[in-house]
Amino acid sequence: MGEKSRKGGWCGWIIVLIVVAAAAGAIVVLVKKKHNGSSPDAAPVPGPPGSPTKKYADALKTAMQFFDVQKSGKLVNNKISWRGDSAVKDGSPAKLDLSKGMYDAGDHMKFGFPMAYTATVLSWAILEYGDQMKVVDQLEPAQDSLKWITDYLINAHPKDNVLYIQVGDPDADHKCWDRPEDMTEERPLIQINASVPGTEVAAETAAAMAAASLVFKSSDSAYSSDLLKHSKQLFTFADKYRGSYSENIPEVATYYNSTGYGDELLWAASWLYHATGDQSYYDYATGKNADSFGNFGNPTWFSWDNKLAGTQVLLSRVSFFDSKGTSNSETLQEYRKTAEAVMCGLLPKSPTATSSRTDSGLIWISEWNALQHPVASAFLAVLYSDYMLTSRTAKITCNGDAYTPSDLRKFAISQADYVLGDNPSKMSYLVGYGDNYPQYVHHRGASIPKDADTGCKDGWKWLDSTEPNPNVATGALVGGPFLNETYIDSRNNSMQAEPTTYNSAVIVGLLSGLVTTSSVVQSFT
């Protein structure tokens, strides 16, 4: 009796295991069918975020703080001991509250074009990697910093066809060396409108608001709707009244000269398509405007000025996950092919690898703000790697040679590690991270003691001081090394030692993508 019972139970478990195995097999088949173009030799689809990598977690927490360093206006829950309220009357000549937003770099200017780009990229990072940020308690700080910018952008758009794009006079601002809390110089405003258009800055602001509307959609639906309303209005304004802001307002060209507005139009339309699902925005980005501005087959560098590579990766997302039923599929594939050409250019062993690198492998394009391009490129690479993993796309092909998502992630890691100290100088270019980072950052607020009584002119002694900065500009990503991989740690060396707020957006995006193992790509909505 007992022996028979044991045999019966054993057989029952065999049957259960067979059923479970069959069910698991069916699930795998369904997953493969769901992802068009999946390959049997592709890596497994990632799961939720794993345990954080301490190096990148610490660096992300550091990088996020620079947004607090750069905040203008009446500060709320201020975490930076040497910062206080500043520029609280910005916008008053136009009876607007433009007190929020963030200072551009080591100065006290508010340039709308790069600030909007900062918001777009930070939104993208949150949308793709918010779950990773949450693992290391950085999602809420990222959202708070984003809202500090988008509050400003909303107020800077008082009418459908009016957008205030600059606060402060850079010539007057740069004749002073003072703390933002002590500013006394005039803060004039510059606007674009139907008579004086600025397509690129209007479109970039539209992109920022569309992307941010997705970030806040579940947590604050009313705010999200307001952002989307402004985004649609600004996109219509940008497209209807076409003209370059740096041609129509020549004085802005000294600092943020635009090389064209077609990329911003495609970028904004792509973000509006993601935010609304409205086919007309997709058709805009894949129709005749793509023919005019897409520059397909020619890889470009993603930056505050050129959004083409970002647009190509963003629309590749549609190709990977949401292409069913979309029109202009051939054009969509052109975006993806060009995105892959960008990736092939980044991979160091690819036949089409760019030669624009240092001897140690850092992408290097420009003496000024050298780290912008490698960090932005690495952010795109980690995104594309995760798109491939989730869609079970095994490889991309570069002139006949195959490369995997792992290859792209390794490239992204190499650029991040270089920034964090794996370089010939053994210096971390992220201020506050590691034991050896720049001490003479070109940043007014960081260079002047909090209790110093200085005005516009007498503050110059702090620029020329041989002492390290009394305040640490925590999280600042400085300009970075020369091509020969040297770095001169001097406050007067603005070419290398000045950080920018938009650099913070791309380094936060990159580190958020690396802080845990790859995780499955989620829908924006």
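Computed from a predicted model, the values in this text were never measured in an experiment.

**Q** Residues and numbers for the overall build of the protein chain, please.
**A** From N to C terminus, the protein chain includes 20 helices and five strands. Its C-alpha atoms give the protein chain a radius of gyration of 24 Å, near enough to 24 Å, the size a compact globule of 525 residues would have. Each of the three principal axes of the protein chain carries a C-alpha extent, and together these read 100 × 50 × 50 Å. For the protein chain, the proportion of its 525 residues judged to be buried stands at 58%. Long-range pairs, those at least 24 residues apart, make up 75% of the contacts in the protein chain with a sequence separation of at least 6. If you sum the accessible surface of the protein chain, you get close to 21,000 Å²; carbon and sulfur atoms cover 53% of it. Here the protein chain contributes 46 positively and 57 negatively charged side chains, and the mean placements of these two sets differ by 9 Å.

**Q** Describe the environment of Pro-49, listing the residues and the values that go with them.
**A** When you line up the elements, Pro-49 lands in the loop between helix 1 (2-34) and helix 2 (54-69). Taking the C-alpha atoms as reference points, Pro-49 and Ala-412, separated by 363 residues in sequence, lie 18 Å from one another. Discounting residues that sit within four places of it in the chain, Pro-49 has contacts with Asp-131, Gln-132, Val-135, Thr-516, Thr-517 and Ser-519.

**Q** How would you sum up the packing of aromatic side chains? Please name residues and give values.
**A** What characterises a pair of aromatic rings is the spacing of the ring centres plus the angle enclosed by the ring planes. Using the criterion set out here, one finds 27 aromatic pairs in the structure. Geometrically, the ring pair formed by Trp-124 and Trp-267 is edge-to-face, given 5.7 Å between the ring centres and 65° between the ring planes. With Trp-124 in helix 3 (residues 112-135) and Trp-267 in helix 10 (residues 262-276), this pair connects stretches of sequence that are 143 residues apart. Like Trp-267, Trp-124 is buried. Geometrically, the ring pair formed by Trp-267 and Phe-302 is edge-to-face, given 5.7 Å between the ring centres and 65° between the ring planes. Here Trp-267, found in helix 10, pairs with Phe-302, found in the loop between helix 12 (288-293) and helix 13 (308-321); they are 35 residues apart in sequence, far enough to count as distant. Judged on exposure class, the residue Trp-267 and its partner Phe-302 are both buried. Within the aromatic cluster, the residues linked to one another by ring pairs are Phe-111, Phe-113, Tyr-245, Tyr-255, Tyr-256, Trp-304 and Tyr-502. The ring of Trp-148 carries the charged tip of Lys-100 above its face, separated from the ring centre by 4.5 Å. Directly above the ring of Tyr-223 sits Lys-147, whose terminal nitrogen or CZ lies 4.6 Å from the centroid.

**Q** Quick rundown of the nonpolar core? Include the residues and the values.
**A** Counting 151 residues, the largest nonpolar core has Trp-124, Trp-271, Met-343 and Tyr-384 as its most contacted members. With 13 residues, the top contributor of residues to this core is helix 3.

**Q** Hey, could you go over the UniProt feature "active site" (unreviewed entry) in the protein chain for me, with residue numbers and the actual values?
**A** UniProt records the feature "active site" (unreviewed entry) for His-442 in the present numbering. As for its placement among the helices and strands, His-442 is situated in the loop between helix 16 (405-419) and helix 17 (444-447). Given a relative accessible area of 13%, His-442 falls into the buried group. Residues contacting His-442, with those up to four places away along its chain left out, are Gly-106, Trp-177, Leu-463, Arg-491, Ser-494, Ala-497, Glu-498 and Pro-499.

**Q** If you had to explain the layout of surface pockets to someone new, which residues and values would you point to?
**A** Any empty space left between the atoms is revealed when a probe the size of a water molecule rolls over them. Computed from the structure, the largest pocket encloses a volume of approximately 730 Å³. Lining the largest pocket are 33 residues; nearest its centre among them are Tyr-255, Tyr-256, Trp-368, Asn-369 and Tyr-502. Put simply, the parts of the chain that give the lining of the largest pocket at least two residues each are helix 9 (253-256), helix 15 (372-390), helix 18 (460-464) and helix 19 (494-497). It is helix 9 that provides the largest number of residues to the lining of the largest pocket, a total of three residues. The class makeup of the residues in the lining of the largest pocket is 13 nonpolar, 15 polar and five charged.

Each value, and the rule that gives it
- Each chain carries its own residue numbering, running from 1 in the written order of its sequence.
- Where totals are concerned, whole chains, interfaces and linings use all residues; where local detail is concerned, this predicted model gives features only for residues with pLDDT of at least 70, and gives and counts side-chain atom pairs only at 80 or more.
- The side-chain values count all of the structure's non-hydrogen atoms but skip hydrogen atoms and water molecules.
- Here a helix means four or more residues in a row that DSSP labels H or I, a strand means two or more in a row labelled E, and each is numbered from the N terminus.
- The size measure is the radius of gyration over C-alpha atoms, and the globule rule it meets is 2.2 Å times the number of residues to the 0.38 power.
- Between buried and exposed lies partly exposed: a residue is buried under 20% and exposed over 50% of the maximum accessible area for its type, with that area taken using a 1.4 Å probe on protein chains only.
- Should any heavy atoms of two residues lie within 4.5 Å, those residues are considered in contact.
- In short, Shrake-Rupley with a 1.4 Å probe defines the accessible areas, and a residue's cover is counted only from the protein chains shown.
- Neither His nor the chain termini are counted; the positive set is Lys and Arg, and the negative set is Asp and Glu.
- A single reference atom marks each charge: NZ on Lys, CZ on Arg, CG on Asp, CD on Glu.
- Aromatic pairing here means that ring centres of Phe, Tyr or Trp (its six-membered ring) are within 6.5 Å. Orientation follows from the plane angle: under 30 degrees is stacked, over 60 is edge-to-face, and everything else is tilted.
- Cation placement over rings: the criterion is NZ of Lys or CZ of Arg within 6 Å of the ring centroid and within 35° of the ring normal.
- Side-chain atoms within 4.5 Å link the members of a nonpolar core, which is a set of buried Ala, Val, Leu, Ile, Met, Phe, Trp, Tyr and Cys residues.
- UniProt positions are given in the numbering used here, feature names are shortened, and annotations may be inferred rather than shown by experiment.
- Computed over the protein atoms alone on a 1 Å grid, cavities are sets of points where a 1.4 Å probe fits but cannot get out and pockets are open sets with protein on both sides within 12 Å along at least five of seven lines; a residue lines them when it has an atom within 4 Å of a point.
- Grid points are joined across faces, edges and corners, and a volume is the space filled by probe spheres set on the points.
- Note that Gly is not counted as nonpolar here; it falls among the polar residues with everything else outside the nonpolar set of Ala, Val, Leu, Ile, Met, Phe, Trp, Tyr, Cys and Pro and the charged set of Asp, Glu, Lys and Arg.

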